[in-house]
Amino acid sequence: MLSRITLRQMEYFVTTAESGSIIIASEKIHISSPSISAAIAHMEEELHVQLFIRQHAKGLLLTEIGEQVKNACKVILAQSSDLYSMSADFTGIMRGKIKVGCFSAFAPSIYAEIIHGFANLYKQIELEAVINDHHNLVQELTNNTIDLALLYDLHIDENVINFTPLADLPPYVLLAETHPLAKHKAVTLEELTEYPIILLDMPYSNDYFLSLFRKKNLKPNIIDTCKYVDVIRSMVGNNIGYTILNVRPKTNLSNDGKKLVMVRISGDTRPMKIGIATPKNATLTNAQQAFCSRCQAFISNQYIPGMSVSYFSEAHIKNQKE
């Protein structure tokens, strides 16, 4: 009987089908691989069909009936979500499930106040947070596998994604306190080319930082790259090189206790814009609209959770005048 297949098992199956791998699905929805395997096996037993062909070293391939079951499950899952929205409209109680993406570079700063704060306020909403790099979040929005995301205004296709900017994050130079430029109030990109840089190597972000130099026909002296901000901050603290970032944590220490100094970049430098991105073809539920409202209330050029905004505002104003 179909009623013996739960909505959660359908969700596990659909995520695996769209990922092509139980391991990847496990990472996406934060459920153990054995639990996902058991859910798929249960569905196959209940329906008396084979949903996947297991290909050695190539992942999972949906069978013809598996593809049909996937599409049917997606319809059922969407309808179940609509039921929560309908009841919320009638009772005024916020219910349902939302899947929220957040760019990993600024997630440590805003997670507690924005994401956890929302989940704590609306306890009847099941919120799933996806922390990832910008490229993967854009892909998930495009594929409608997440409902909305907090990210930057980089490589946003306006035909498929709506982006609402919330705050500007101008770039700045992060230096060790012993660096020759550390006592400067501002530095030029020309000055920076004389010193080694450690580049944040995340999709889209790395191109953004390099574009600052390209715009002035300059070539930075890249000594190393890394995709982990905390590692780069420690490398900078030990004076291995400087870096350029947009997110400014409230602490001026690296993880290994070295003092860091932030210096403004003079001239016209394009700021990153942090904002809310949603799929163009999606109609936001009450829960999703409530989350967007929280983001708009808590993130602005005057205040960003976990960050020192005054630096950004002053730096952006000075750059506009120069």
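Notes on the structure in this doc start here. Numbering of residues begins from 1 in every chain and follows the order in which that chain's sequence is written. Residue-level local features of this predicted model are given only where pLDDT is at least 70; pairs of side-chain atoms are given and counted only at 80 or more, and the full residue set underlies all totals for whole chains, interfaces and linings. The side-chain figures draw on all heavy atoms in the structure; neither hydrogens nor water molecules are used.

### Some remarks on the environment of Leu181
Then, number 1: Runs of H or I in DSSP of at least four residues are treated as helices and runs of E of at least two as strands, each being numbered from the N terminus. As for its position among the elements, Leu181 is in the loop between strand 7 (172-176) and strand 8 (186-187).
Then, number 2: As a C-alpha pair, Leu181 and Val261 span 80 residues in sequence and 9.5 Å in three-dimensional space.

### Quick look at the pairing of strand 12 (residues 260-265)
Then, number 1: Only protein chains enter the area calculation, which uses a 1.4 Å probe; residues under 20% of their type maximum are buried, those over 50% are exposed, and those in between are partly exposed. Along strand 12, 6 of the 6 residues are buried, which leaves the element largely enclosed by surrounding structure.
Then, number 2: The pairing of strand 7 with strand 12 spans 5 bridges and is classified as antiparallel. Residue pairing for strand 12: Leu174 is matched across the bridge by Met262.
Then, number 3: As paired elements, strand 8 and strand 12 share 2 bridges and run parallel to each other. Bridge pairing in strand 12 links Ala186 to Arg264. The pairing criterion is simple: DSSP has to find at least two bridges between the two strands.

### Let's talk about the packing of helix 2 (residues 22-29) against helix 3 (residues 33-47)
Then, number 1: To obtain an axis, a line is fitted to C-alpha atoms, over the contacting stretch when the element is a helix, and the angle between two such axes runs from 0 to 180 degrees between their N-to-C directions. Where helix 2 contacts helix 3, the two axes come as close as 9 Å, and the packing angle between them is 115°. Considered as vectors, helix 2 and helix 3 are oriented roughly perpendicular to each other. When the axes of helix 2 and helix 3 are compared, the crossing they make is right-handed. Across the interface between the two elements, Ile22, Ile23, Ala25, Ser26 and Ile29 from helix 2 touch Ser33, Ile36, Ser37 and Ile40 from helix 3.
Then, number 2: Only Asp, Glu, Lys and Arg are considered charged in this grouping, and only Ala, Val, Leu, Ile, Met, Phe, Trp, Tyr, Cys and Pro are considered nonpolar; every other residue, Gly among them, is considered polar. Grouping the constituent residues of the contact of helix 2 with helix 3 by class yields 6 nonpolar, 3 polar and no charged. Throughout, the term roughly parallel applies to angles under 35 degrees, roughly antiparallel to angles over 145, roughly perpendicular to angles from 65 to 115, and oblique to all others. Throughout, a crossing is termed right-handed when the near helix is turned clockwise from the far one, and left-handed when it is turned anticlockwise from it by less than a right angle. Two residues qualify as a contact provided that any one of their heavy atoms is within 4.5 Å of a heavy atom in the partner residue.

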